[in-house]
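Close look at the chain arrangement
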Amino acid sequence: IAVERRLDLIGLVNLKGEIVLHSTTITGLSKIKRLGDAQMKNENGSFSANLRLGDEDLKAVSTVTINVGHFIHPQVNVEVDIGAIGLYFSAGLGGDTKLAVKEFDIEKFQHVKFHVHGLILIDPLVDVIADAFVSIFNTQARHLLSTRIRPILDAELRNMTKPSS
């Protein structure tokens, strides 16, 4: 996740950085459920399905490297408690007989609490900043997650093989 922001008001200092996630695990998905009606279509040899899914009380755990400029590269452990998540998902089977994601959007991302470990004295400050970002800039946070998760989901669907008959 690349980030570039100006640090000062006169615009002389650019801060460039990226956040790299390693070994990310999401737990609690065993109770994910469909929200509303699913739509399925079979036209001209192609198949598509659109659905909304939701879940509550998830936990994401990841090792994160934060690269800021040329000299700052801390590695931290991050745990995220997610109170509620909702997403819209559309996939299809085209002429190449491979499943592919058509649309993926996180529509709901609520009651999110970060727990950062590894920055010693400023862990609590980073927790508060991350929590505030998701609360205040929820639309941007959902979009950021959606754009990062979609290609991973698409690759997984494309690698799926149909069961042998």
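This text follows the structure it describes.
Not measured: the values here are computed from a predicted model.

Along the backbone of the protein there are 2 helices and 6 strands. Tracing the protein from N to C terminus, the helices and strands come up as β-β-β-β-β-β-α-α. Going through the 165 residues of the protein one by one, you find that 28% of them count as buried. Residue pairs in contact within the protein that sit at least 24 positions apart in sequence constitute 57% of those at least 6 positions apart. As displayed, the protein offers around 11500 Å² of accessible surface, 60% of which is attributable to carbon and sulfur atoms.

Structurally, asparagine 77 is set in strand β5 (residues 75-93). On the accessibility criterion, asparagine 77 (42% relative accessible area) is partly exposed. Taking the C-alpha atoms as reference points, asparagine 77 and histidine 115, 38 residues apart in sequence, are found 8.3 Å from one another. Apart from residues no more than four positions distant in its own chain, asparagine 77 is found in contact with Ser62, Thr63, His115, Val116 and His117. There is a polar contact of 3.4 Å between the side chain of asparagine 77 and the side chain of threonine 63.

Judged by side-chain polarity, Ile120, Leu121, Ile122, Leu125 and Ile129 come together as a nonpolar surface patch covering roughly 580 Å² of accessible area. For isoleucine 129, the position within the fold is in helix α1 (residues 123-136). What makes isoleucine 129 exposed here is its relative accessible area of 52%.

Below, the discussion takes up the environment of leucine 87. When you line up the elements, leucine 87 lands in strand β5. Ignoring any residue separated from it by four or fewer positions in sequence, one finds leucine 87 in contact with Leu51, Arg52, Leu53, Phe104, Asp105, Ile106 and Glu107.

The subject of this paragraph is the pattern of salt bridges. Scanning the entire structure with this criterion turns up 6 salt bridges. Its salt-bridge partner being glutamate 79, residue lysine 59 comes within 3.7 Å of it at the nearest N-O pair. On the criterion of sequence distance, the pair formed by lysine 59 in strand β4 (residues 46-68) and glutamate 79 in strand β5 is long-range, its members being 20 residues apart. Its relative accessible area of 29% is what places lysine 59 among the partly exposed residues.

You can see asparagine 50 is positioned in strand β4. Among the polar contacts made by the side chain of asparagine 50, one reaches the side chain of serine 90 at a distance of 2.6 Å. Dropping the residues within four chain positions of it, asparagine 50 is found in contact with Ala38, Gln39, Tyr88, Phe89 and Ser90.

The next thing to look at is the nonpolar core. Residues Val78, Val80, Ile82, Phe89, Phe109, Val112 and Phe114 are the most contacted members of the largest nonpolar core, which totals 23 residues. Residue assignment for this core shows that the elements contributing at least two residues are β4, β5, β6 (99-117), α1 and α2 (138-159). Among the elements that take part in this core, β5 stands out by supplying 8 residues, more than any other. Every residue in contact with valine 112, bar those within four places of it in the chain, is listed here: Val80, Asp81, Ile82, Asp131 and Val134.

Spanning 22 residues, α2 covers 32 Å between terminal C-alpha atoms, matching the ideal 32 Å at 1.5 Å per step. Maximal helix bending in α2 amounts to about 25 degrees, located at isoleucine 149; proline proline 151 follows within four positions. For α2, every residue scored as buried is listed here: Asn138, Ala141, Arg142, Ser146, Asp154 and Leu157. Considering only its buried residues, α2 is in contact with β5, β6 and α1.

Cut-offs applied
Residues numbered from 1 in each chain as written. Predicted model: local features only at pLDDT ≥ 70, side-chain atom pairs only at ≥ 80, totals over all residues. Heavy atoms only, no water. Helix = DSSP H or I, 4+ residues; strand = E, 2+ residues; numbered from the N terminus. Buried < 20%, exposed > 50% of the residue type's maximum accessible area, 1.4 Å probe, protein only. Contact = heavy atoms within 4.5 Å. Areas by Shrake-Rupley, 256 points an atom, 1.4 Å probe, with all protein chains shown as cover. Polar contact = N/O pair within 3.5 Å; in protein donor to acceptor, adjacent residues only side chain to side chain. Patch = residues over 30% accessible without salt bridge, like charges linked within 9 Å, V, L, I, M, F, W, Y side chains within 5 Å. Salt bridge = Lys/Arg side-chain N within 4 Å of Asp/Glu carboxyl O. Core = buried A, V, L, I, M, F, W, Y, C linked by side-chain atoms within 4.5 Å. Expected span 1.5 Å × (residues − 1). Bend = angle between axes of the 7 residues up to and from the residue.

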